[in-house]
Amino acid sequence: MKERLEAVQQVFWALLATGVLVALIGLPVGDDEDTMDVLDELIAFKARFDRKVLEETLLAHASSQGMVALDDVVRASREPNAPALAVARGATPIAPRAALELRTLGQVDALTRKGSTVAVAAPKAEPLGQALAWRLARLEGERYELLTATLTGRSATAAESDRERQVAQARRVWLEANRAYKVATGRHAKATELHEMRVKWKAPWKSIQRADDNRKEAEAELQAAVEARDSTRARYDQLSKTAQAFRGGDGPAGEHGAVEVVVVDLDSKKHHKLLIAAPMDVREAPLPSLQNVGFPVAKESGLWRELKGRSVDESIAWLEQRFSWHYAHTEVGGVKVGGMTLLQLAPLLLVALFPLLIRRSRRLSDSYNPFGTTAPGELPRVGFGGVVPNLLVLVVLPALASGLCVWSLLEIEHVPLIPILCALAVIGLGSWSLAALGDLLDLRDAIVRSTSERPPLPPAGS
């Protein structure tokens, strides 16, 4: 009898220890619920986020606001003594330079919310046309057609861009000096002819003298015009050769860029590729605000500061490392095995112990024979000896432990099917066990009373 009572008590202690252990396992740790909410938001965002397509869409929208019409370039190229230039049929405008990156969550949030802008830079049409005019003037053709004009990724310095303006200005100065030279040549020729005629026809001396003075003055003007023509031409040639040697830099383009222009000589059909340093018109272009792209859950959770500098994949990986051990797992054949597995299975330990306690209690009660039982000495205690403490151990603690496992699984968004079933099972089995243990306690008390020595009778006459 004593051994069987001790066996029942051992199962009781095992139930108590297991209930505490399962409760500790199921106790929520950290802020898994908030972390899971943010993770869900990022996973949903990743499923619909196509970085390349979105970047191209936003860039196309921004670029459309900074296109440079080729007609404006051609209009600005109509310089004196410059070849005729027309825009080829089907030629497209010059697309501006615009750069944006959607690598991090912060960049996505900044560039897709209402009022966001991106810097676009396009070559200025007037200086580009003027630079094109003097370049064409140095070629041999008379009629050209503008096929393409493209803003390259090459850079230019302010000095290289300004040199284009200097060449155009030097060409105007040279053209003016050349016109002055032609005028001076004509005046010199007329003055010389008049002097020779007066000498030939033996005009009065004073008349010949005045003609000679005019001739000498015209000759001096001609000499000055020749010098001006030659010096301005030399400067124009020097500047133009330097400008034509421009190839662009490797660094990122800023306020000055390199434009590649392709023209065709309409007479010879020869194509010419020209690289021109041009000043840029830089401005902010508004972007469209996109729906369902923000990260409200991440911002409200307090994790946005850690996430905004990471890409979506990096953020998901960081969040998964942030979970408690409840979410730690490895995938085996596509099935997650880890902390959530333990949360699912731990309550089964409780369910397995109750039948053992009930069976041992019933077996002891059924095998008791009051006529064949001798005094066993002091019997061991069964349970805590009271209904309320036993109720806490057999019903409340197992149900609470299973409920904690349910709670923790819900926080990491796993269906707690097994813990829920176990919670229902331990309430039923615990109640059954409590009843069986109560019967056993009554039996123990009966055994103690029936086997105890009777107190001695009082002395006679007392």
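Residues numbered from 1 in each chain as written. Predicted model: local features only at pLDDT ≥ 70, side-chain atom pairs only at ≥ 80, totals over all residues. Heavy atoms only, no water.

Draft legend 1. Spotlight on helix H5 (residues 105–112). Residues of H5 that are buried: Leu 105, Val 108, Asp 109, Leu 111 and Thr 112. Next to the buried residues of H5 lie helix H2 (32–48), helix H3 (51–63), strand S3 (117–123), helix H9 (296–301), helix H10 (304–307) and helix H11 (312–322). (Buried < 20%, exposed > 50% of the residue type's maximum accessible area, 1.4 Å probe, protein only. Helix = DSSP H or I, 4+ residues; strand = E, 2+ residues; numbered from the N terminus. Contact = heavy atoms within 4.5 Å.)

Draft legend 2. Quick look at the nonpolar core. Core analysis: the largest hydrophobic core is formed by 57 residues, its most contacted members being Leu 42, Phe 45, Leu 102, Leu 105, Phe 295, Leu 307 and Leu 394. With residues up to four places along the chain from it excluded, the contact list for Leu 394 reads Phe 12, Leu 15, Phe 354, Leu 357, Val 426, Gly 430, Ser 433, Leu 434 and Leu 437. With 33 residues, the next largest nonpolar core counts Leu 70, Ala 168, Ala 170 and Val 263 among its residues. (Core = buried A, V, L, I, M, F, W, Y, C linked by side-chain atoms within 4.5 Å.)

Draft legend 3. Spotlight on the environment of Gly 294. Looking at where Gly 294 falls in the secondary structure, it is placed in the loop between strand S6 (271–286) and H9. Take Gly 294: its relative accessible area is 38%, and that puts it in the partly exposed class. It is 8.0 Å that separates the C-alpha atoms of Gly 294 and Thr 112, two residues lying 182 residues apart in sequence. Residues in contact with Gly 294, not counting those within four places in the same chain, are Glu 41 and Asp 109.

Draft legend 4. Layout of the state of the cysteines. Scanning all chains against the criterion turns up zero disulfides. No disulfide involves Cys 405; its nearest neighbouring cysteine sulfur is the one of Cys 422, lying 8.7 Å away. (Disulfide = S-S within 2.5 Å.)

Draft legend 5. Representation of a negative patch on the surface in the model. Together, Glu 33, Asp 34, Asp 37 and Glu 413 make up a negatively charged patch on the protein surface. Looking at where Glu 33 falls in the secondary structure, it is placed in helix H2. (Patch = residues over 30% accessible without salt bridge, like charges linked within 9 Å, V, L, I, M, F, W, Y side chains within 5 Å. Areas by Shrake-Rupley, 256 points an atom, 1.4 Å probe, with all protein chains shown as cover. Salt bridge = Lys/Arg side-chain N within 4 Å of Asp/Glu carboxyl O. Lys, Arg positive; Asp, Glu negative; His and termini not counted. Charge placed at Lys NZ, Arg CZ, Asp CG, Glu CD.)

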